[in-house]
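Descriptive structure summary
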Amino acid sequence: MSLEQQDSSSRDWFFPSPSFIHHPYPPPPSSNHRRRFSSDSKLRPPSTSPDLKYPRLRRRFDFSRRPDKQQPNDVVSARNFNSSSSADNTSSASSHTIFGFSGQRIRVRWQIALSAAVIVTTLASLVHKNFSLHNQVFDLQDQITNLNVRLQACGLLVNDIDNIDSISFDFGDQYYSNGLKHLALVSSIILLSIPVLGLKYIDLVSAKSRSSDNISEKVSLDKLIEYRVDVFLSVHPYAKPLALLVATLLLICLGGLALFGVTDDGLADSLWLSWTYVADSGNHANSEGIGPRLVSVSISFGGMLIFAMMLGLVSDAISEKFDSLRKGKSEVVEQKHTLILGWSDKLGSLLNQLAIANESLGGGIVVVMAERDKEEMEMDIGKMEFDFKGTKVICRSGSPLILADLKKVSVSKSRAVIVLAEDGNADQSDARALRTVLSLTGVKEGLRGHIVVELSDLDNEVLVKLVGGDLVETVVAHDVIGRLMIQCARQPGLAQIWEDILGFENCEFYIKRWTQLDGMQFEDVLISFPDAIPCGVKVASCGGRIILNPDDTYVLQEGDEVLVIAEDDDTYAPATLPMVWRGSLPKDFIVPKSTERILLCGWRRDMEDMIMVLDASLAHGSELWMFNDVLENEREKKLIDGGLDIGRLVNITLVNREGNAVIRRHLESLPLESFDSILILADESVEDSAIQADSRSLATLLLIRDIQAKRLPYREAMVTQIERGGFSQGSWIGEMQQASDKSVIISEILDPRTKNLLSMSKISDYVLSNELVSMALAMVAEDRQINDVLEELFAEEGNEMHIRQASLYLREGDDLSFYEIMLRARQRREIVIGYRLANAERAVINPPAKNERRKWSLKDVFVVIAEKE
């Protein structure tokens, strides 16, 4: 084919004749129809010379580079211009820099224009072909109708005519269906080309905005669209699945239209077939023909892409859900559970006490929320060496200062909320507890239970109660332990009694109403419970105030409740009033106070409070030695800042000594053998670490006992008389045990594991501070009324625990029941709650068989509740 023929064929495609485009009714297909299409060239304008074609194309590409106009018929000059332009471009780099971007923009526009021209031309030709086929169908139907009329005139049968009509109409329907298929194919192509044209337009507009010299820095279109999509995906949580669903539906619809255009199936069958290709990429293997295969392969590729994205979304969603469950982000759906906010060394003892308290109910639910990882909390709880007794512990990671996290643990449905104090600075810990109480009071749903707050400083108690109101019960741990150590130092054995009463393992306090006791005097109520010991009355007429150790003549009124010490709340009940012989006391006297010398090793934050308590309880002329590494002038400043006026001390005299309690030569400078009681405190500098504080206390204890043993005369007879824990005669443990008979040493222990070391050696009494505080928190969480009882027992005034000698109530060899001893103690306004025999190591609280008689020894001691002396 010659160059002129090729050019003519190209022009025939891009420039069809006007008669072909605008002819309203083209003739039906026949033998001469092909000749009409081949003879259209006669109607076209004469073809131009090939010399005019190329310069025109050259002008369209080089328009931006050449400002002057090129003559259309001057081929030589055009070539010269190109050569000169290339020479200019080679010689001048600045001209290329100026016109380079403009040429690139023209090329982008040319590509877009060319793509649009191809699409529009293809669409026009297909539409024209579709309408031509419709017109041909209509002409054929008219001819068939005329032929039918002629056949009827010739006398053919009606059935034959109907068959011919049906054939003609089927032929028309076939042409009509073909037109719809072509229209569907064209529509699918147009819809597929719209995103391509849109992206081209966005790139063109963005390039134009980036190349502009506008000072306002207008945001380009592609960045704006990217930002809008990002915001949409971030704001709407289901944006990704929704976009994937829309893409799937579009792929099915476009694929169905394309299949409808290239196959003989109906539209519904094509849509279903498109879905099968999307769902399973292997279904297109049965396709036949080039068109159906191309379309089916395209749909299968789109389906693989969509299902890969869907698999990624599902995998991410499942992983995110498991991560949220693993990290404790899911909501706790529980009711009447105990909620613990915070994490400290007291948590293990607290969980143990709550598990024991819930044992009678078959177990309970305890939820712990702290600013720690959920897996770490569960791992630490799993290492705790005690039986949970059916209680389930649920951990959640969150902050108690955030209302959303509090709602996540169902704080409004809990029966009690325990706020633990943080390890560290007391003021910071109490400030955080205050903010936590503010967050709890701000819960919109309100709180069903009460709040138990552990505080580190007594001065902050008023502020927390002011914020929390009636919902809050406070337990000042540091103050409680300080007062308890003083009581235990002056009364050896009292630490074990407090450990039994505060914990849920033995006997504890319970309050309950008994209607059958209304109208009875408290003296009769005292001996009405075989399995419990009444200690007080909750008076309904005084707004529910609890009176410990009331008068014998107090008569229970309607609504009053009885406070008792019992093993459990369902193990006691009043019985028939027994006949008990009161008897008389062997001697009625008050034990006189004697002067004491007490040593405090270490420094605590509440040192001034301990000094004031000792001044109120010791006899006049007593001495209080303070041995620590705080400078003397700093001590006075700290005591004055704490509110202590040293000049107003009445009964004690302060003696200051500086030194380190774990250095032997510093301890040897003290008269350790002359002290009645020695208190080894958890020093303020190491109280944040329980193990370090206990190690320091244990080292101080051993050094003091060894120094005492070396200074005291060794009594071999006593050691050989009683075997203590299996230690051999003359061992260092035996010497220390001998020294322990001379003076009492009370060690403040923070870690329960250190308890075993001291209990085996029997060289010191101890106060397990963290465990006792945990017991108190658990008891108040179970029944908030018990907090009033504990506050009075640890307060400076009112009633407290005492250990009394048996000589105050009986004579040697007396045969008395426990009821009779209780009534004798009432003559001294005391309530006997237990006893410790002379050869026993532990006291018995709420003993059984109270009405049975037994012989007592003067070496026995009794545990009583009495007013402070």
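Everything here concerns the structure above.
Before going into details, it helps to say that this report is about the structure given with it. (Residues numbered from 1 in each chain as written. Predicted model: local features only at pLDDT ≥ 70, side-chain atom pairs only at ≥ 80, totals over all residues. Heavy atoms only, no water.)

1. What to know about the packing of aromatic side chains
In plain terms, the rule: Pairing of aromatic rings covers Phe, Tyr and Trp, the last through its six-membered ring, and needs centres within 6.5 Å; plane angles under 30 degrees mean stacked, over 60 mean edge-to-face, and all others mean tilted. Starting at the N terminus, helices and strands are each numbered in turn, a helix being any DSSP run of H or I of at least four residues and a strand any DSSP run of E of at least two. Note on classification: 1.4 Å probe, protein chains only; a residue is buried when its accessible area is under 20% of the maximum for its type, exposed when over 50%, partly exposed between these limits. Sitting over a ring, as applied to charges here, requires NZ of Lys or CZ of Arg to be within 6 Å of the ring centre and within 35 degrees of the ring normal.
Throughout the structure, instances matching the rule amount to 10 aromatic pairs. Centroid distance Tyr809 to Phe862: 5.7 Å. Interplanar angle 85 degrees. Geometry classified as edge-to-face. Within this pair, whereas Tyr809 is found in the loop between β17 (799–805) and β18 (815–817), its partner Phe862 is found in strand β22 (residues 861–867), the two being separated by 53 residues in sequence. Assigned by exposure class, Tyr809 and Phe862 land together as buried. Aromatic rings pair up to connect Tyr809, Phe818, Tyr835, Trp856 and Phe862 into one cluster. Looking at Arg372, its charged tip hangs above the ring of Trp343, at a distance of 4.5 Å from the centre. The ring of Phe675 has Arg597 sitting right over it, with the charged end atom 6.0 Å from the ring centre.

2. Re the nonpolar core
Under the convention used in this document: For our purposes a nonpolar core is just a set of buried Ala, Val, Leu, Ile, Met, Phe, Trp, Tyr and Cys residues, chained together by side-chain atoms within 4.5 Å. Contact criterion: two residues are considered in contact whenever any of their non-hydrogen atoms come within 4.5 Å of each other.
Counting residues in each nonpolar core, the largest one holds 123 residues, and the members touching the most others are Ile340, Phe509, Ile611, Ile833 and Phe862. Per element, the largest residue contribution to this core is nine residues, and it comes from helix α27 (residues 769–782). When residues no more than four places from it in sequence are discounted, the contact partners of Ile340 are Leu347, Leu350, Leu351, Leu354, Val366, Val367, Val368, Met369, Ile418 and Leu420.

3. As for the environment of Glu378
Summarising the element assignment, Glu378 is placed in helix α13 (residues 374–382). Given the relative accessible area of 37%, Glu378 is considered partly exposed. With 10 residues separating them in the primary sequence, Glu378 and Val368 have C-alpha atoms 9.8 Å apart.

4. Description of the pairing of strand β12 (residues 622–628)
How we decide: Any two strands with at least two DSSP bridges between them are considered paired. Consider the strands pointing away from the viewer: the crossover is right-handed when the path from the first strand over the helix to the second runs clockwise.
Of all seven residues making up β12, six are buried, and the element is well covered by its neighbours. Where strand β11 (residues 597–601) meets β12, five bridges bridge the pair, whose relative direction is parallel. In the sheet register, Arg597 faces β12, and the bridge partner there is Glu623. Assessed by its sense of winding, the connection that carries the chain from β11 through helix α20 (residues 607–617) to β12 is right-handed. The parallel pair β12 and strand β13 (residues 652–658), bridged by helix α21 (residues 632–641), forms a crossover whose chirality is right-handed.

5. So, the environment of Ala806
Positionally, Ala806 belongs in the loop between β17 and β18. Accessibility expressed as a relative area gives 0% for Ala806, which makes it buried. Taking the C-alpha atoms as reference, Ala806 lies 6.7 Å from Lys859; in sequence the two are 53 residues apart. Residue contacts for Ala806: discarding those within four places in its chain leaves Ser857, Leu858, Asp860, Val861 and Phe862.

6. A few points about the pattern of salt bridges
The line we're drawing: In what follows, salt bridge is the name for a side-chain nitrogen of Lys or Arg lying within 4 Å of a carboxyl oxygen of Asp or Glu.
Evaluation of the coordinates by the stated rule reveals 27 salt bridges. A salt bridge links Glu461 to Lys465; the nearest nitrogen and oxygen atoms lie 3.4 Å apart. Note that Glu461 and Lys465 are positioned in helix α16 (residues 461–468) at a spacing of four residues, about one turn of the helix. Since its relative accessible area comes to 15%, Glu461 is described here as buried.

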